[in-house]
Amino acid sequence: MGMIKVVGLVLHPRRDCGAAINAIVAWAQRHDVTVLGLHDEISRIDCQAEAVTTEEMVERAGLLVSLGGDGTMLRTMRLVEGRKTVVLGVNVGRLGFLAEVDLPELGDALSAIDEHRFTVEARTAVRTTLPDGKEVSAFNDIAVVRVPGDGLAAVGIKVEGKNFVNYAADAVIVSTPTGSTAYSFSAGGPIVSPNVEGLIVTASAAHSSFNRPLMLALQEKLELDVLPPSGRLAIEVDGIIEGYADAGDCLTIEPIPAAAQVIRLGTTSFYERARRKLRVEGSAQVGLPDGGNSRVVDNFEEQRYEILLGGETAGTLDYRRRGDYIEFLDTEIEQSVSGRGLAGRLAAAAFEDARARGMPVKVTCPFVTGYVERHPEYSDLLADGE
């Protein structure tokens, strides 16, 4: 690699990173690279890394490797904020968004870095000064959140010195594009490409009549005014409470463009990760939801109807569209919820959908065949000769 002679490791506080550390140390020895770890993190494990302070690691390392999940990656990015140090995220454990590689791909990733086969993506951060004077920054989001037992978050959004909208909500979130798939997303915000420059303001569980997210350009001055009806609000910085704000306080939110440099190896795109993690799928509701918290959707991407209970798939009916008719192939219901009549709901919704589309149905699924015999009102939909 020539340039990078020192690598620093940042570890998840609980997950076992032993295998990853050994792989990195072995690679480093072959390439005459020094590996640093933080005193309190590597004292827990037996490894060849040199124990240093945070300051020393940030000063010396040209590459930081985050081993863990998204929280570890955010912490690593905050460590090198504003520096040119590149960061590689390695997923140890559950599926993350920010990490670029999973553990099995770590060896290939180190070779790619060695041979300069990678790109670097700059990430924006957001910074504010808390009412007590402390400066904080985040790579996902800064949120003002109602404290249980206190009133709603009543927050005025000021852009370029002028009030734009007052939100009354459980929380008001200012997110970077990186954070668009985190808290902001769960509050109803858009999925924003990491290549966009801007900030997203989202109100969670808005009680105000205006409840849409806003997208601002980085150069537009953004302030959050905590308004008189507001209770005391917690200020969360990347999900960690760093302070509190009261009515009358004003937070100026400043973007920090290119605050971190993240390594991309081009193995999976942001959109592939978003699909996997957020379960983005093309589906449309079919029929009406019944009183029992179940609904049926046409997951046209997977060519199946799904019955959802509390948002989880409880059963499926596979189909194929064959030019001028649709074929119902196979019905499956999760064992834990069998006997609740879900298969019948699924079949009925599938027939109603075929009726609405004017599509004749061919049935090869034994369950659906029996269902039609018991429900002759659907027999007129069967393709000729059925």
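Rules used throughout
Sequence order sets the numbering: in each chain, residues are counted from 1 along the sequence as written. Where local features are concerned, this predicted model is filtered to residues with pLDDT of at least 70; where side-chain atom pairs are given and counted, the filter is 80 or more; whole-chain, interface and lining totals use all residues. With hydrogens and water excluded, all non-hydrogen atoms of the structure serve as input to the side-chain values. Axes here refer to lines fitted to C-alpha atoms; in helices the fit is confined to the stretch in contact. Angles between the N-to-C directions go from 0 to 180 degrees. Segments assigned H or I by DSSP are reported as helices when at least four residues long, segments assigned E as strands when at least two residues long, and all are numbered from the N terminus. Should an angle lie under 35 degrees it is considered roughly parallel, over 145 roughly antiparallel, and from 65 to 115 roughly perpendicular; all remaining angles are considered oblique. Contact criterion: two residues are considered in contact whenever any of their non-hydrogen atoms come within 4.5 Å of each other. Residues are grouped as follows: Ala, Val, Leu, Ile, Met, Phe, Trp, Tyr, Cys and Pro are nonpolar; Asp, Glu, Lys and Arg are charged; every other residue, Gly included, is polar. With a 1 Å grid laid over protein atoms only, a set of points is called a cavity when a 1.4 Å probe fits there but cannot get out and a pocket when it is open yet has protein on both sides within 12 Å along at least five of seven lines; lining residues have an atom within 4 Å of a point. Grid points are joined across faces, edges and corners, and a volume is the space filled by probe spheres set on the points. For each residue, the accessible area found with a 1.4 Å probe, counting protein chains only, is set against the maximum for its type, and the residue is called buried under 20%, exposed over 50%, and partly exposed in between. The directions from the helix axis to the C-beta atoms are what the arc is built from. In this scheme the handedness of a crossing depends on how the near helix is turned from the far one: anticlockwise by less than a right angle means left-handed, clockwise means right-handed. Strand pairing is defined by DSSP finding a minimum of two bridges between the two strands.

### Points about the packing of helix H8 (residues 342-357) against helix H9 (residues 366-374)
- Between H8 and H9, the least distance of the axes is 10 Å, while the angle of their chain directions is 80°. Taken as axis vectors, H8 and H9 run roughly perpendicular relative to one another. In this structure, H8 contributes Ala 343, Gly 344, Ala 347, Ala 348 and Phe 351 to the contact, and H9 contributes Phe 367, Val 368, Tyr 371 and Val 372.
- Among the residues forming the contact of H8 with H9, the class breakdown is eight nonpolar, one polar and no charged.

### Let's talk about the side chain of Ser 184
- Along the chain, the position of Ser 184 falls in helix H6 (residues 183-186).
- Among residues more than four places away in sequence, those in contact with Ser 184 are Ile 173, Ser 175, Gly 179, Gly 189, Ile 200 and Thr 202.

### Looking at the layout of surface pockets
- Here the largest pocket is characterised by a volume of approximately 280 Å³.
- Looking at the lining of the largest pocket, the elements with two or more residues in it are strand E20 (294-299), strand E21 (304-309) and strand E22 (312-322).
- The calculated volume of the second largest pocket comes to roughly 230 Å³.
- In terms of lining, the second largest pocket is formed by 15 residues, of which the most central are Asp 70, Leu 74, Asn 140, Ala 182 and Tyr 183.
- Considering each element in turn, the lining of the second largest pocket owes the most residues, three residues, to helix H4 (residues 70-79).
- In the lining of the second largest pocket, the residues fall into five nonpolar, five polar and five charged.

### Focus on helix H7 (residues 270-278)
- If you check which residues of H7 are buried, you get Phe 270, Arg 273, Ala 274 and Leu 278. Along the axis of H7, the buried positions cluster into a sector of 100°, meaning they face one direction only.
- Here the buried face of H7 lies against H6 and strand E18 (250-264).
- Looking one or two residues past H7, Arg 279 carries a phi angle of roughly 55°, positive in sign.

### Digging into the packing of helix H1 (residues 18-30) against helix H5 (residues 106-114)
- Running from N to C, H1 and H5 cross one another at 30°; their axes reach a closest spacing of 10 Å. The chirality of how H1 crosses H5 is right-handed. In this structure, H1 contributes Ala 20, Ala 23, Ile 24 and Trp 27 to the contact, and H5 contributes Leu 106, Leu 110, Ser 111 and Asp 114.

### As for the environment of Gln 261
- Residue position: Gln 261 is located in strand E18.
- Note on Gln 261: relative accessible area 11%, which makes it buried.
- For Gln 261 and Thr 85, which are 176 residues apart along the polypeptide, the C-alpha to C-alpha distance reads 6.7 Å.
- With near-sequence residues (within four places) excluded, Gln 261 lies in contact with Arg 83, Lys 84, Thr 85, Val 86, Val 87, Val 120, Glu 121 and Ala 122.

### What about the sheet that holds E21?
- Read across the sheet, six strands follow the order E19-E20-E21-E22-E23-E24 without closing on themselves; strand pairing throughout is mixed. The sheet terminates laterally at strand E19 (284-286) and strand E24 (361-363), the two strands that pair on one side only. Geometrically, the sheet is characterised by an average inter-axis angle of 35° between neighbouring strands, direction not taken into account.
- On top of the sheet, H9 reaches E22, strand E23 (325-333) and E24; it is set at about 105° to E23, its chief contact.

### A look at the pairing of E18
- Relative to E18, strand E5 (residues 86-91) runs parallel, the two being bridged by two bridges. Residue pairing for E18: Val 87 is matched across the bridge by Val 262.
- The pairing of strand E7 (residues 119-129) with E18 spans eight bridges and is classified as antiparallel. Counterpart to Ala 122 in the pairing with E18 is Gln 261.
- Relative to E18, strand E15 (residues 222-226) is paired through four bridges, and the arrangement is antiparallel. Note on E18: the bridge partner recorded for Leu 222 is Ile 253.

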